[in-house]
Amino acid sequence: FSLTDGDGQSEHLLPVCEDTTCQKSAIYLTKLGMDQWIPVLQDFRNKDTLWGFIPYQSDKSSMETSFPIMLHIGDYNMDGYPDALAILKNTSGSNQQAFLLENVPCNNISCKSVRRMFKVFWELSDLNQIKDAVVATFFDIYEDGILDVIVLSKGYSNKDFAIHTLKNNFEADAYFVKVIVLSGLCSNDCPRKITPFGVNQPGPYIMYTTVDANGYLKNGSAGQLSQSAHYALQLPYNVLGLGRSANFLDHLYVGIPRPLGEKSIRKQEWTAIIPNSQLIVIPYPHNVPRSWSAKLYLTPSNIVLLTAIALIGVCVFILAIIGILHWQEKKADDREKRQEAHRFHFDAM
């Protein structure tokens, strides 16, 4: 995901244990052009408790299921900077929980070169109530563009698991765009005049450019199904946060992988994409990007209802003013007619 502000490049995140027992954990970042890994989170201490990642147990004889260290990425607050979910364990105890890592501006010298870092939300009551969590990921349960949370936790025994869903109650004037790139394939030869939708595919790359609320150019990018192993649990689409800017997306680029040996870039561009919408891209045929098609679906929100109520209210107010002025004008006309009639009789005498 594109974590830094405004460059549109994607970075690699690496969660690590710096010792065998994970007494010291960290998350590192690197991207194209960098020759080193930059720490974006090293402080895993909450008050007097030290937390850390859970070391992977490769011992096959152990009856307990072990999960590899992993981060699940998603923009929960739609500010344009992807956040993360991680499973951390109390290093001095046995409790392990899911924690939300928010993407915030860097406030120390170690991450100054990438300008962003992660901050752990230690006090989230809903997440804290789920004990013995083993996997946590984002999922848009209500299909409204707001990412909710799914947590898998251990049950009464090591082989029993329970699934918990947590609704994201984040409410702000933030906007998004959902993009899914299909494969553009048929199970056999496609009949004439039928567009082959296919299914979602791994590998497409999505990037947008827009202008934020302050008038500055803003870029964002993401890869679709970028991970395929280690309990990836990624969404089949990408939810790109746009922040509080309700502007149209100036440009949205979609590219798909090309076969080995081919040099032409398979990329297409769409302009003036409406915020809070879902874009379904059908790259058919693969080698002719100008023939690709896209279907746009709008996702209405409470803002639409509030706007309609405000518009109706303004119309009623204007009609009331017009009615009052019309009534006053009619009274003035009646008064003037009576004066004219009175003047006529006086002159006749």
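Please refer to the structure higher up on the page.
So, here is what we can say about the structure in this document. (Residues numbered from 1 in each chain as written. Predicted model: local features only at pLDDT ≥ 70, side-chain atom pairs only at ≥ 80, totals over all residues. Heavy atoms only, no water.)

**Describing a nonpolar patch on the surface**
Right, so step 1: A grouping of Val-314, Phe-317, Ile-318, Leu-319, Ile-321, Ile-322 and Leu-325 is seen on the molecular surface, where their side chains present a nonpolar patch of about 690 Å² in accessible area.
Right, so step 2: Checked against the element boundaries, Leu-319 lands in helix H2 (residues 302–348).
Right, so step 3: Classification of Leu-319 by relative accessible area gives exposed; the value is 59%. (Patch = residues over 30% accessible without salt bridge, like charges linked within 9 Å, V, L, I, M, F, W, Y side chains within 5 Å. Areas by Shrake-Rupley, 256 points an atom, 1.4 Å probe, with all protein chains shown as cover. Salt bridge = Lys/Arg side-chain N within 4 Å of Asp/Glu carboxyl O. Helix = DSSP H or I, 4+ residues; strand = E, 2+ residues; numbered from the N terminus. Buried < 20%, exposed > 50% of the residue type's maximum accessible area, 1.4 Å probe, protein only.)

**A look at the packing of aromatic side chains**
Right, so step 1: Applying the stated criterion across every chain, the model contains six aromatic pairs.
Right, so step 2: With a centroid separation of 5.0 Å and 70° between ring planes, the pair formed by Trp-51 and Phe-99 is classed as edge-to-face. Of this pair, Trp-51 sits in strand S5 (residues 49–52) while Phe-99 sits in strand S8 (residues 96–105), and the two are 48 residues apart along the sequence. Neither residue differs from the other here; Trp-51 and Phe-99 are each classed as buried.
Right, so step 3: When the ring centre of Tyr-81 is taken as reference, the NZ or CZ atom of Arg-116 above it lies at 3.6 Å.
Right, so step 4: Here Lys-218 stacks its cationic end above the ring of Tyr-81, 5.7 Å away from the centre of that ring. (Phe/Tyr/Trp six-rings, centres within 6.5 Å; stacked < 30°, edge-to-face > 60°. Lys NZ or Arg CZ within 6 Å of the ring centre and 35° of its normal.)

**Re the sheet that holds strand S13 (residues 175–181)**
Right, so step 1: What the four strands build is an open sheet, ordered S16-S13-S19-S20; its pairing is mixed. With partners counted over all chains shown, the strands left at the sheet margins are strand S16 (238–243) and strand S20 (293–298), one partner each. Strand after strand, the sheet turns through a mean of 20° between neighbouring axes, direction not considered.
Right, so step 2: Where S13 meets strand S19 (residues 277–282), five bridges bridge the pair, whose relative direction is parallel. (Pairing = 2+ DSSP bridges. Axes fitted to C-alpha atoms, helices over the stretch in contact; angles between N-to-C directions.)

**Let's talk about the environment of Gly-74**
Right, so step 1: Looking at where Gly-74 falls in the secondary structure, it is placed in strand S6 (residues 72–74).
Right, so step 2: Between the C-alpha atoms of Gly-74 and Asn-238, which are 164 residues apart in sequence, the distance is 8.7 Å.
Right, so step 3: Beyond its immediate stretch of four places on either side in the chain, Gly-74 contacts Pro-82, Asp-83, Ala-84, Phe-138 and Leu-147. (Contact = heavy atoms within 4.5 Å.)

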